[in-house]
Amino acid sequence: MQIQAAVLYTPNTPFILETLTLDDPRAGEVRVKIAACGVCHSDYHLVTGTTRHPLPVVCGHEGAGVVEAVGEGVTRIQPGDHVILNWAPACGDCWYCRHDKPNLCATFTDPIWAGVMLDGTTRLHLPNGDLVYAYCGLASFADHVVVPEQSCIPIAAMSR
Ligand SMILES: [Zn+2]
Ligand SMILES: [Zn+2]
(Lines give C-alpha, C1' and ligand atoms only; values in the text may rest on other atoms or scores of the structure.)
(Ligands and ions follow the chains in the order given, each with its own letter.)
Protein backbone atom coordinates (compact mmCIF):
# COMPACT_ATOMS: atom_id res chain seq x y z
CA MET A 1 0.00 0.00 0.00
CA GLN A 2 0.97 3.65 -0.36
CA ILE A 3 1.60 5.59 2.83
CA GLN A 4 2.66 9.07 3.89
CA ALA A 5 5.81 9.20 5.99
CA ALA A 6 8.39 11.75 7.15
CA VAL A 7 11.76 10.67 5.72
CA LEU A 8 15.15 11.80 7.01
CA TYR A 9 17.70 11.58 4.17
CA THR A 10 20.68 13.33 5.75
CA PRO A 11 21.43 14.59 9.27
CA ASN A 12 20.77 18.29 9.80
CA THR A 13 18.23 18.53 7.00
CA PRO A 14 14.43 18.77 7.35
CA PHE A 15 12.18 15.71 7.20
CA ILE A 16 10.66 15.30 3.75
CA LEU A 17 7.05 14.12 3.61
CA GLU A 18 7.04 11.31 1.04
CA THR A 19 4.61 8.81 -0.41
CA LEU A 20 6.25 5.44 0.28
CA THR A 21 5.34 1.87 -0.52
CA LEU A 22 4.67 -0.16 2.62
CA ASP A 23 4.94 -3.90 1.97
CA ASP A 24 2.36 -6.28 3.44
CA PRO A 25 3.19 -7.82 6.81
CA ARG A 26 5.23 -10.99 6.48
CA ALA A 27 5.23 -13.92 8.91
CA GLY A 28 5.20 -12.69 12.49
CA GLU A 29 4.44 -9.07 11.49
CA VAL A 30 1.50 -6.71 11.96
CA ARG A 31 0.23 -3.66 10.05
CA VAL A 32 -1.02 -0.83 12.24
CA LYS A 33 -2.85 2.35 11.27
CA ILE A 34 -1.19 5.03 13.38
CA ALA A 35 -3.56 7.09 15.53
CA ALA A 36 -0.99 9.04 17.54
CA CYS A 37 2.78 9.34 17.73
CA GLY A 38 5.13 10.99 20.17
CA VAL A 39 8.09 13.06 19.05
CA CYS A 40 11.09 12.28 21.25
CA HIS A 41 14.62 13.53 21.71
CA SER A 42 15.85 10.10 20.53
CA ASP A 43 14.33 10.90 17.14
CA TYR A 44 16.07 14.26 17.23
CA HIS A 45 19.39 12.49 17.84
CA LEU A 46 19.03 10.97 14.37
CA VAL A 47 18.31 14.40 12.93
CA THR A 48 21.46 15.87 14.48
CA GLY A 49 23.53 12.79 13.66
CA THR A 50 24.31 12.16 17.33
CA THR A 51 22.80 8.70 16.86
CA ARG A 52 24.23 7.12 13.74
CA HIS A 53 21.64 5.20 11.77
CA PRO A 54 21.32 3.78 8.24
CA LEU A 55 19.69 6.35 5.94
CA PRO A 56 17.23 7.25 4.64
CA VAL A 57 15.12 6.47 7.68
CA VAL A 58 11.60 7.00 8.93
CA CYS A 59 11.94 8.01 12.58
CA GLY A 60 9.27 7.67 15.24
CA HIS A 61 9.26 5.11 18.02
CA GLU A 62 6.35 6.09 20.28
CA GLY A 63 3.28 5.28 18.21
CA ALA A 64 -0.13 3.83 18.93
CA GLY A 65 -2.93 2.78 16.63
CA VAL A 66 -5.28 0.12 15.37
CA VAL A 67 -4.24 -3.20 13.84
CA GLU A 68 -5.36 -3.57 10.22
CA ALA A 69 -3.72 -6.81 9.12
CA VAL A 70 -1.53 -9.58 10.44
CA GLY A 71 0.98 -11.86 8.75
CA GLU A 72 1.24 -15.61 8.87
CA GLY A 73 1.65 -17.14 12.29
CA VAL A 74 0.56 -14.08 14.26
CA THR A 75 -1.67 -15.32 17.09
CA ARG A 76 -1.49 -12.75 19.91
CA ILE A 77 -2.76 -9.79 17.85
CA GLN A 78 -5.71 -9.51 15.48
CA PRO A 79 -7.22 -6.86 13.20
CA GLY A 80 -9.18 -4.29 15.20
CA ASP A 81 -6.91 -4.50 18.26
CA HIS A 82 -5.75 -1.18 19.65
CA VAL A 83 -2.05 -1.31 20.38
CA ILE A 84 0.84 0.72 21.71
CA LEU A 85 4.08 0.17 19.81
CA ASN A 86 7.11 -0.88 21.86
CA TRP A 87 10.55 0.26 20.68
CA ALA A 88 12.27 -2.50 22.66
CA PRO A 89 10.48 -5.73 21.69
CA ALA A 90 11.52 -9.03 23.26
CA CYS A 91 11.40 -12.53 21.79
CA GLY A 92 10.76 -14.28 25.11
CA ASP A 93 13.09 -17.12 24.15
CA CYS A 94 16.71 -15.95 24.01
CA TRP A 95 19.15 -16.22 26.94
CA TYR A 96 18.41 -12.66 28.13
CA CYS A 97 14.64 -13.05 27.84
CA ARG A 98 14.77 -16.34 29.75
CA HIS A 99 16.82 -14.63 32.48
CA ASP A 100 14.37 -11.78 33.07
CA LYS A 101 16.27 -9.21 30.98
CA PRO A 102 13.95 -8.70 27.97
CA ASN A 103 15.38 -5.19 27.54
CA LEU A 104 18.59 -6.87 26.32
CA CYS A 105 16.81 -9.32 23.97
CA ALA A 106 19.46 -10.81 21.69
CA THR A 107 16.95 -11.54 18.93
CA PHE A 108 15.83 -7.96 18.38
CA THR A 109 18.75 -5.76 19.40
CA ASP A 110 20.78 -6.06 16.18
CA PRO A 111 17.97 -5.75 13.61
CA ILE A 112 16.31 -2.92 15.54
CA TRP A 113 19.51 -0.85 15.46
CA ALA A 114 20.14 -1.76 11.83
CA GLY A 115 16.70 -0.36 10.97
CA VAL A 116 15.41 -3.65 9.53
CA MET A 117 12.97 -6.41 10.37
CA LEU A 118 14.02 -9.77 11.82
CA ASP A 119 14.66 -11.17 8.33
CA GLY A 120 17.12 -8.35 7.57
CA THR A 121 14.87 -6.56 5.08
CA THR A 122 12.70 -3.45 5.35
CA ARG A 123 9.05 -2.98 4.44
CA LEU A 124 9.49 0.65 3.29
CA HIS A 125 10.42 1.74 -0.23
CA LEU A 126 10.75 5.03 -2.09
CA PRO A 127 8.89 5.48 -5.38
CA ASN A 128 12.10 4.46 -7.23
CA GLY A 129 12.19 1.20 -5.24
CA ASP A 130 15.08 2.14 -2.95
CA LEU A 131 14.62 0.90 0.57
CA VAL A 132 14.00 3.12 3.56
CA TYR A 133 15.04 2.05 7.06
CA ALA A 134 12.71 1.95 10.06
CA TYR A 135 13.80 3.44 13.36
CA CYS A 136 13.40 0.94 16.21
CA GLY A 137 11.55 -1.40 13.86
CA LEU A 138 8.59 0.98 14.04
CA ALA A 139 8.96 4.05 11.77
CA SER A 140 5.89 5.62 13.30
CA PHE A 141 6.33 9.07 11.71
CA ALA A 142 3.87 7.67 9.16
CA ASP A 143 0.17 6.97 8.77
CA HIS A 144 0.73 3.18 8.66
CA VAL A 145 3.50 0.87 9.86
CA VAL A 146 4.45 -2.80 9.60
CA VAL A 147 6.09 -4.00 12.81
CA PRO A 148 7.01 -7.25 14.56
CA GLU A 149 4.16 -8.84 16.51
CA GLN A 150 6.33 -8.53 19.62
CA SER A 151 6.33 -4.72 19.21
CA CYS A 152 2.55 -4.58 19.71
CA ILE A 153 1.14 -4.16 23.22
CA PRO A 154 -2.67 -4.51 23.22
CA ILE A 155 -4.60 -1.88 25.18
CA ALA A 156 -8.27 -1.19 25.86
CA ALA A 157 -9.97 0.29 22.79
CA MET A 158 -9.55 4.05 22.63
CA SER A 159 -12.63 6.23 22.30
CA ARG A 160 -12.56 8.56 19.31
ZN1 LIG B 1 11.60 8.13 22.96
ZN1 LIG C 1 14.86 -12.36 23.51
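Residues numbered from 1 in each chain as written. Chains lettered and ligands numbered in written order. Predicted model: local features only at pLDDT ≥ 70, side-chain atom pairs only at ≥ 80, totals over all residues. Heavy atoms only, no water.

### A few points about the overall build of the protein chain
Next, step 1: Looking only at helices and strands, the protein chain has three helices and ten strands in total.
Next, step 2: By the compact-globule yardstick of 15 Å for 160 residues, the protein chain fits well, its C-alpha radius of gyration being 15 Å.
Next, step 3: Its C-alpha atoms give the protein chain principal-axis dimensions of about 40 × 35 × 30 Å.
Next, step 4: The 160 residues of the protein chain split such that 44% are buried.
Next, step 5: Sequence-distant contacts in the protein chain: of pairs separated by 6 or more residues, those separated by 24 or more amount to 67%.
Next, step 6: On the protein chain, roughly 8000 Å² of surface is accessible, and the fraction owed to carbon and sulfur atoms is 55%. (Helix = DSSP H or I, 4+ residues; strand = E, 2+ residues; numbered from the N terminus. Rg over C-alpha atoms; globule rule 2.2 N^0.38 Å. Buried < 20%, exposed > 50% of the residue type's maximum accessible area, 1.4 Å probe, protein only. Contact = heavy atoms within 4.5 Å. Areas by Shrake-Rupley, 256 points an atom, 1.4 Å probe, with all protein chains shown as cover.)

### Focus on the coordination of the zinc ion (ligand 1)
Next, step 1: Protein coordination at the zinc ion (ligand 1) comes from C40 (SG), H61 (NE2) and E62 (OE), with a distance range of 2.1 to 2.3 Å.
Next, step 2: In primary sequence terms, the donor set of the zinc ion (ligand 1) follows C-x20-H-E. Of this pair, C40 sits in the loop between β3 (29–37) and α1 (41–48) while H61 sits in the loop between β4 (57–58) and β5 (63–70), and the two are 21 residues apart along the sequence.
Next, step 3: Relative accessible area serves as the criterion here: at 3%, H61 is assigned to the buried category. (Donors = N, O, S within 2.8 Å, 3.2 Å for Na, K, Ca; no water.)

### Side note on the pattern of salt bridges
Next, step 1: According to the stated counting rule, one finds five salt bridges in the structure shown.
Next, step 2: Put simply, D93 and R98 hold a salt bridge, and the shortest N to O gap is 3.9 Å.
Next, step 3: The exposure class of R98 is exposed, given its relative accessible area of 53%.
Next, step 4: Between D119 and R123 there is a salt bridge; the shortest N-O distance is 3.2 Å.
Next, step 5: Residue R123 is classed as buried on the basis of its relative accessible area, which comes to 2%. (Salt bridge = Lys/Arg side-chain N within 4 Å of Asp/Glu carboxyl O.)

### Description of the coordination of the zinc ion (ligand 2)
Next, step 1: For the zinc ion (ligand 2), every protein donor is listed as C91 (SG), C94 (SG), C97 (SG) and C105 (SG), and the spread of their distances is 2.3 to 2.4 Å.
Next, step 2: Within one chain, the residues serving as donors to the zinc ion (ligand 2) are arranged as C-x2-C-x2-C-x7-C. With a gap of 14 residues between them, C91 in the loop between β6 (82–85) and α2 (95–98) and C105 in the loop between α2 and α3 (106–114) connect regions that are remote in the sequence.
Next, step 3: A relative accessible area of 24% places C91 in the partly exposed class.
Next, step 4: Classification of C105 as buried rests on a relative accessible area of 1%.

### Remarks on the pairing of strand β1 (residues 2–8)
Next, step 1: Among the seven residues in β1, five count as buried, and that is most of the element.
Next, step 2: Inspection of the sheet shows β1 paired to β4 by two bridges, in the antiparallel sense. Within the sheet, the bridge partner assigned to V7 lies in β4 and is V58. (Pairing = 2+ DSSP bridges.)

Everything listed here is a matter of geometry and, on its own, says nothing about what the molecule does.
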